[in-house]
Amino acid sequence: MDWHKQGRFLCVSFLGLLASVHSVRRDEFFPFGLSAGDRPLEPGSDHTHRLEVTQPVLFYDGTFSSIFINTNGFVATTEPPSESTYLGKMPPKFGMIAALQGDLDTSDGVGKVFFRQDSRPGTLRQAAEHINKAFPEDAEVNPTHAVVITWVDIAAHGQTRESGIDKKRNTFQLVIASLETASYAIFLYARDGVQFATTPVQDSSVIMHAGFSKGLVQGFLFSSQGEYYRVTTEDEESVRALAEETNSGQQGVWVFEVGTSPYFSNVAPGEVSDLPTEAEPQATMLADGQVKYISYDPGQLEIHPVQYQPNRPQNPEVVELDDAVINVDVFSYNLGTCSNNRNKCSQFADCKDYSSGYCCHCRPGYYGNGIQCVAEGKPQRMNGKLNGRVYVGNSPSPLEFSSNDLHSYVVVNDGRSYVAISDIPENLGPSLQPLSALGSMIGWSFALEQPGFKNGFSIIGGEFMRQAEVTFLPGNEKLSIRQEFKGADELDHLVVSTTLSGQVPELALGSTVQIDPYSEIYQYSNNLITSSSTREFKVTLPDGSTETRTYQWRETITFQSCQHSEPLKDVKPSQLLRVEQVFVLYDSNNKLIRFAMSNKIGDVNGGQREENPCFTGRHGCDTNAVCRPGQGTQFNCQCASGFNGDGRRCYDIDECAENLQICGRNSVCNNQPGTFRCECDDGYQFGSDGRTCIEVDRPVDPCEDGSHDCDLPERAQCSYTGGSSYVCSCLPGYVGDGRACQDADECQTGRCHQHAECINTQGSFICRCSPGYDGDGFYCSSEKARTHCETQRDGLLAVTQFGPRGPQLGQFIPSCDENGDYEPMQCDRSTGQCWCVDLYGREIPGSRSGPGSRPMCIDHRVAPTPVGPHPRPDVHVLPPGTHLLFAQSGRIEHIPLEGYDMKKGDAKAVLHLPANIIIGVAYDCVEKMIYWTEITSPSISKASIQGGEPTVVIRSDLESPEGIAIDHLGRTMFWTDSVKDHIAVASLDGTQRRVVIDSDLVNPRAVITDPPNGNLYWSDWNREAPKIETSHMDGSNRRVLVSDGLGLPNGLTYNSQSSLLCWADAGTHKVECIHPDRGDRSKVLEGVQYPFGITSFGNNIYYTDWQRDAVVAVDRYSGRESDEFQPQKRTKLYGIATAYSQCPSGQNYCSVNNGGCTHLCLATPTGRSCKCPTNTVAVGCVDRDGGY
C-alpha cells in the first residue's frame, strides 16, 4: 500500500474501543417502570417495603428469604431502624447493600422508586453479561433469579428551592442476581445520574455512601461490627466517580460478588477497572507521515462510508477511512461453548462450537443470524415508536412528537412492504412524504432475494443500529434519522425505535409526492454496512403545479455478528437494492402517513435478467408460502413452517390443538399464525428456563383484603393506588376525610320545593310534595297533567262497551303505569295476544305473541327522577382485577371477581346516568374503556374505568341500539339496532361506520365478537322464527347456527378458551352452549326464569335475570347455580360484560397497521377485508375482500 497517498490516513487504534468509554445510559439500564412489571414504592421519605424473594439472597455468610427496600437508596436484610441512626455512616449496624445511601425523598411526585423480582430470560441474560464481563478469569455465571430496584430522579430530602438542589436528581439502579451458590450486586449509575453527593441532616450535610455492611455480629458477651466493604469514601469526588469509573469494563457499572455458599470471606469487586479515556486523543497518520490526534465524542460522531481491509500483515486491526471517523459500537463476541450457551440461540437455530467460541445457525426452512430466525415465506410485522424534534421550512420553532405508533407489514415472498405512522400533525405530515426511507429498512431486511444474494435479515438478524443523514437540495436542509432495531417481542414482531432531528423543506397541506423507482448500493464488511444515494421525487402542489426535487442520502448500519464462523464469507461485498412501486400518502383526516414499496436485492451490475416468477414476485403463492424456483420459469409453492396446504392456499397449523401438553402447568397455549405461544396464567410468570411458570409475588391490596382504615363501605370508598397505598374518600351525601364520614344534612340548604317537605336520610334526602300537590318534590303543583297514555286510555274507556269479562271483542284499552306512561308490554284481554311497545305506545314489529305466551319487552320508560341528589355522571375508578359490568336502568355497576367468585360486598356503581336506559354493555381491554348503548335518546357512549366523564361516540342514525361488542384487536365495535333491523360496525371513535348485516333480521339483540378468529355471532328473538347466526366480521360467510328449540334467545357469550358459544333463552328457560365449528350442542342449566344478558369468565357463566333482579353465577362444568347478587336498587338488569384485568391472548390480521387497509379493517379466519364507510365519499377507498 502507498503510505503517502494523498487524502488517506490510517486509524491505528481499535475502533471498537470507542463506544466502550461512554457512561451507561438510562435506556441501557435493566428495564424498569410499570411497563416492565415493576411495583412502585410508597412516595415519601424513609419508606420501607418488605419483599419475600422466591429464591434466597446470599449475603456474606447468611441466606435471606426476604429483603427490605428503602427510599434512601439501599436494601437491608432486616427491618431498618430510624434513618437518624445510619445516615452519613458506613458501615451501619444492620445488613445493608447501599447503591447510594442518603436522606432521599420522593414525595414531590417526580422521583420514584421501582422494584420487582424477575426470572425472565432477557433480564437474566443481561445480568450474566455484566457479571461475566467483570470477572473474565472466572467460570461463566448464569443467574436464575434477579431483584431489580431503580431509584429514578430522586431528590434530596429537606432542601429549599433557594439552594437549587431541587433541580438536582440522582438516578441509579441495583440488581441483585442470584444462583444456587452465589449472589451478585450490580450497581448502575446513569450518565448525569449522580448530580448531588451530600444530603442534609439537621443543620449539616453528610456524605452519601455506596457499599456493603454485614451489620452487628453477636459475640459470646457482646456484639461487634461485622465485615463491611466501602465503594465510596468520605470524599464527594468518590461519589461522583461512581458514574465515571467502573470495575466491570463499562463506565458507570459496578459488579460485586456479595455472598457465596457454603463458604464466604468478604465482598469481591469486579476485576476490570481499566478503560480508554474519552479525552485521550487517538493517533492517526497523515499523508506526510506526521501524526495527528483526534478527540472522539461517541455521542457526536458523523456517519461516513468505510472500507474494511482484512488480514493486513503488519496492521491486523487497521481500518481505512475515506475522510473522517465512523461511529462504530463495541461488540462482545460469543465466548464459551454451546454446552452452557445454547439458550442464547433462537429456538429455530442450532448451536455450533468453533475453536475460538460458538455461533448460532438457523435451521433449514428458517433464515436469520441464528439469534433471530424466522420461517421462510412467512409474512413479517414490525412495531415501534417514533420520536422527534423537526423544524419545518423556515419555522423558528420545532415540532416535537413522542411515542407515535409505527407499524409495518411485509409480504416476504414478493418483497412488498407497508408502513404506517400515526398521529402526525398536518403541519408536518405532508413534508415527511418524501422520506419513504423511514420504512425502507424493513424492506431491505426482507427484500426478495435474487439468486446468490441475501437480504438484510438473512445476514444480520433483527438487532442493529441504523444512522442516516438526509440533505435536501437546493436548500441544504439536513435531517438525521436514528433507528434502533431491538429484535423480536413475545409475538415475534420486530421492534424498532426511531428518532428524527433536524430540518425538512415545507410542503403545503394537500401536496402529494410521487417517488420513481430507485436503486441503492449496500457495501458490507465486518459489523458495518454502508449505503449512499441521490433520490428524486415529484411534488404536486395543491394548485396542481408540479416540480421535481432531490435529496442526498447516506446511512450506516452497525451490528454484531459471530466472528468465529466467518459470517460474511458467503455475502458479496456489494449488493444492489432495487425499490419499485413506491406509494406515499398522508391522510390528514386520520393524521396517518403511509408508505408502500416493493424491494429486491441483487447484483450491482444488473446481471442476467431473472425470469423465474420466484425472483420477479409474480408467482401467485399464498402469502404464507415460500416460492421454490425450478428450471427456467418452473417453480413450486411450499407453505411456510407452521402452515399446511398446497402452497397456493396455506392454513395455519393449530399446534395447541394437536398437542394438548405442548405447554407446561399453570399455562395456556395460544395459537399464532405459523407458530404458538405459551402464556402463564394470572399470578404466574416464566422461570429462568423461559418455559416453566412459577407463582409471582403479588402486591397486597388493602382495599381488597380489608386491612385499610377507611370508614364503613356504606359511608366511604377505599381506592387502591398501587403498592401498599390507598385513598379514602366519603361517598356522596357524606362529609369527612374518608376515614371518618358523617351524614350531610341536605335539608339545611333548601333543596326541595316550597310546597314540599324535606326529610334527611343517611347519605341522601327525600323531597315529598305536601297534601294537595303533585310532583317529584323538587317541583310541586296543585294540578296534575294527563299523559298521552292516560288521555288515550280514558278516551277509549268513555266510549267502550263492557261485558262481564271486560271490554267487548276487538276493543283494546292500553295499560298505563303509576306515572301515566305506557307499560312496556300491552295485552288485548279479548284475544289473549300480547306485544311490546316503545315509549310512545307504538308496537314493536315481530314482538306479538299468541295466547298463553308473553314476550320479553324492554322498558323504554325513563326512570322517575330520583328523590335525592343527582349524582354526577363521573366514572368511579375501578380497582385492579377482573370485574363484571352490568346495566341497570340509569346506571352501570361492577362486581369484582376473586377467581370465579363474585365479591358481592365490594360491588358498587361505576356510572350514574339517571335519565337514561342503558341496554348493552361492552368493554375494551386495551384502552380500559366501557361502551354502552342507550335507547331513551338513542346513542352509543364510552367512558374510561380510570375515571372521567362519559363521551357520546355515536348519536345519529340510531333508533334502538341494543347489543354491543368490541373487537379489541381490530379496534372496531359492532352493534344491533332492533328497529332498523341491522348490524353495523364502526371504528371505536364512532367514525368509519358501515352496515354489515341488513337482511332477514326481525329483532336482533345480542352480538358477540371472536377477534382472534375473525368471527361474529348474534341472536334474533323473532317470535315467529328465533335463531342464532354467525358470519365473518365483514359479514361474509353468513350461516344459521341454531334455529331449533329456541324461544327468546336474548344473551350471547363466547368463551375463547373452550371455543364455546353460549346463550340464555327466556322462552325455553335454559342456558345452552354449542361449538360453532363442530355443531355439538349441550345444555348447561334448565329452569332459569327470565335471563337477559350473559357473559363468561373461565369456568363460569354469569347472567342477568329480570324476574330475580339479580346477577346469577353458573358453574358450566357442574351445571349448577353457584351464587347470585341482588343490587340494592331492585329494578330490571340488562346487559352484562366481563372487564378483564388484561386482554385475552391472540391476534388477527387487523392487529397491526390496520391490516394495510385505508379505512375499515374487518378480520376473517384466514385474512381480512378492507371496507369503505357507508355513505361516505372516501378518496382512494376501495373495498377489498379477503387476504392481503
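The sections below set out a description of the structure shown in this document.

Rules of the game
Residues numbered from 1 in each chain as written. Predicted model: local features only at pLDDT ≥ 70, side-chain atom pairs only at ≥ 80, totals over all residues. Heavy atoms only, no water. Helix = DSSP H or I, 4+ residues; strand = E, 2+ residues; numbered from the N terminus. Buried < 20%, exposed > 50% of the residue type's maximum accessible area, 1.4 Å probe, protein only. Contact = heavy atoms within 4.5 Å. Areas by Shrake-Rupley, 256 points an atom, 1.4 Å probe, with all protein chains shown as cover. Pairing = 2+ DSSP bridges. Axes fitted to C-alpha atoms, helices over the stretch in contact; angles between N-to-C directions. Salt bridge = Lys/Arg side-chain N within 4 Å of Asp/Glu carboxyl O. Core = buried A, V, L, I, M, F, W, Y, C linked by side-chain atoms within 4.5 Å. Expected span 1.5 Å × (residues − 1). Phe/Tyr/Trp six-rings, centres within 6.5 Å; stacked < 30°, edge-to-face > 60°. Lys NZ or Arg CZ within 6 Å of the ring centre and 35° of its normal. Disulfide = S-S within 2.5 Å.

### As for the overall build of the protein chain
Scanning the protein chain for helices and strands turns up nine helices and 87 strands. Out of the 1188 residues in the protein chain, the part that is buried amounts to 52%. Contacts in the protein chain between residues far apart in sequence, at least 24 positions, make up 53% of those at least 6 positions apart. Roughly 53,100 Å² of accessible area belongs to the protein chain as shown, and the carbon and sulfur atoms make up 47% of that amount.

### Section: the sheet that holds strand β82 (residues 1100-1105)
Strand order in the open sheet formed by four strands is β81-β82-β83-β84, and the pairing between neighbours is antiparallel. Each having just a single partner strand, β81 (1091-1097) and β84 (1120-1125) make up the two edges of the open sheet. Across the sheet, the mean angle from the axis of one strand to that of its neighbour is 25 degrees, orientation sign disregarded. Pairing of strand β83 (residues 1110-1115) with β84, which is carried by five bridges, proceeds in the antiparallel orientation. Looking at β84, one finds that aspartate 1115 is bridged to arginine 1120.

### Focus on the sheet that holds strand β69 (residues 961-967)
Taking strand neighbours across the sheet as the criterion, the four strands line up as β69-β70-β71-β72 in an open arrangement whose pairing is antiparallel. Each of the sheet's edge strands pairs with one partner strand only, and the pair in question is β69 and β72 (994-997). In this sheet, neighbouring strand axes are inclined to one another by 30 degrees on average, regardless of whether the strands run parallel or antiparallel. Sheet analysis places strand β70 (residues 972-977) next to strand β71 (residues 982-987), joined by six bridges and oriented antiparallel. Among the inter-strand pairings, threonine 976 is bridged to a residue of β71, identified as isoleucine 983.

### Overview of the pattern of salt bridges
Between side chains of opposite charge, pairing is possible as soon as their charged atoms come close. Scanning all chains against the criterion turns up 44 salt bridges. A salt bridge links arginine 50 to glutamate 52, with the nearest nitrogen and oxygen atoms 2.9 Å apart. With a relative accessible area of 39%, glutamate 52 lands in the partly exposed category. One salt bridge connects arginine 169 with aspartate 108, and the closest N-O pair in it is separated by 2.9 Å. Separated by 61 residues along the polypeptide, arginine 169 in the loop between β9 (145-156) and β10 (170-179) and aspartate 108 in the loop between β7 (104-105) and β8 (112-118) bring together distant segments of the chain. Accessibility expressed as a relative area gives 39% for aspartate 108, which makes it partly exposed.

### Re the nonpolar core
In this structure, Ile421, Trp444, Phe446, Leu479 and Leu500 are the most contacted members of the largest nonpolar core, which totals 61 residues. Sorting elements by how many residues they give to this core places strand β39 (residues 574-587) first, with five residues. Beyond its immediate sequence surroundings of up to four residues, phenylalanine 446 is in contact with Tyr367, Val374, Gln380, Val410, Val412, Gly415, Asn455, Phe457 and Leu494. Of all hydrophobic cores here, the second largest spans 42 residues; its members include Leu41, Val75, Ala243 and Val267.

### Concerning helix α1 (residues 121-134)
Between its first and last C-alpha atoms α1 spans 20 Å; for 14 residues at 1.5 Å apiece the expected length is 20 Å, and the two agree. Buried residues belonging to α1 abut β8, β9, β10, β11 (182-189) and β18 (253-260).

### Things to note about the packing of aromatic side chains
A complete count under the given rule lists 32 aromatic pairs for this structure. Seen from their ring centres, phenylalanine 187 and tyrosine 189 are 6.3 Å apart, and the 75 degrees between their planes marks the pair as edge-to-face. Comparing phenylalanine 187 with tyrosine 189, the two get one shared label, buried. Plain terms: the ring middles of phenylalanine 812 and tryptophan 835 are 5.1 Å apart, the flat faces sit at 55 degrees to each other, and that makes the pair tilted. You can see phenylalanine 812 sitting in the loop between β58 (806-807) and β59 (825-828) and its partner tryptophan 835 sitting in strand β60 (residues 833-836), a full 23 residues away along the chain. Of the residues examined, phenylalanine 812 reaches a relative accessible area of 25% and is grouped as partly exposed. Here tryptophan 835 falls in the buried class, since its relative accessible area comes to 7%. Here the aromatic cluster, defined as three or more aromatic residues joined through ring pairs, consists of Trp151, Phe172, Phe187, Tyr189, Phe212, Tyr229 and Phe256. Positioned above the aromatic ring of tryptophan 835, the side-chain terminus of arginine 848 is 3.9 Å from the ring centre. Seen from the ring of tryptophan 1106, lysine 1132 lies directly overhead, with NZ or CZ sitting 4.3 Å from the centre.

### Some thoughts on the state of the cysteines
All told, the structure shown has 20 disulfides when counted by the stated rule. At a sulfur-sulfur separation of 2.0 Å, the disulfide partner of cysteine 345 is cysteine 360. Taking the torsion about the S-S bond as the criterion, the cysteine 345 to cysteine 360 disulfide, at about -70 degrees, is left-handed. Taken together, the residues span a long stretch of sequence, with cysteine 345 in the loop between β23 (319-321) and β24 (349-354) and cysteine 360 in strand β25 (residues 357-362) at a distance of 15 residues. Judged by its relative accessible area of 9%, cysteine 345 falls in the buried class. Since its relative accessible area comes to 6%, cysteine 360 is described here as buried. Here cysteine 359 is linked by a disulfide to cysteine 562, with a sulfur-sulfur distance of 1.9 Å. One quick way to see it: the torsion about the S-S bond of cysteine 359 and cysteine 562 is about -85 degrees, and its sign makes the bridge left-handed.

### Concerning the pairing of strand β75 (residues 1027-1032)
With six of its six residues buried, β75 lies for the most part within the structure. Sheet topology places strand β74 (residues 1015-1020) next to β75; six bridges connect them, and they run antiparallel. Paired with serine 1019 across the two strands is isoleucine 1028, which belongs to β75. Two successive antiparallel strands, β74 and β75, enclose a turn made up of six residues. Taken together, the three bridges between β75 and strand β76 (residues 1039-1042) define a ladder with antiparallel strand orientation. Residue pairing across strands places threonine 1030 opposite arginine 1039, the latter belonging to β76. Taken together, β75 and the strand that follows it, β76, pair antiparallel across an intervening segment of six residues, in which glycine 1035 is found at a positive phi of about 90 degrees.

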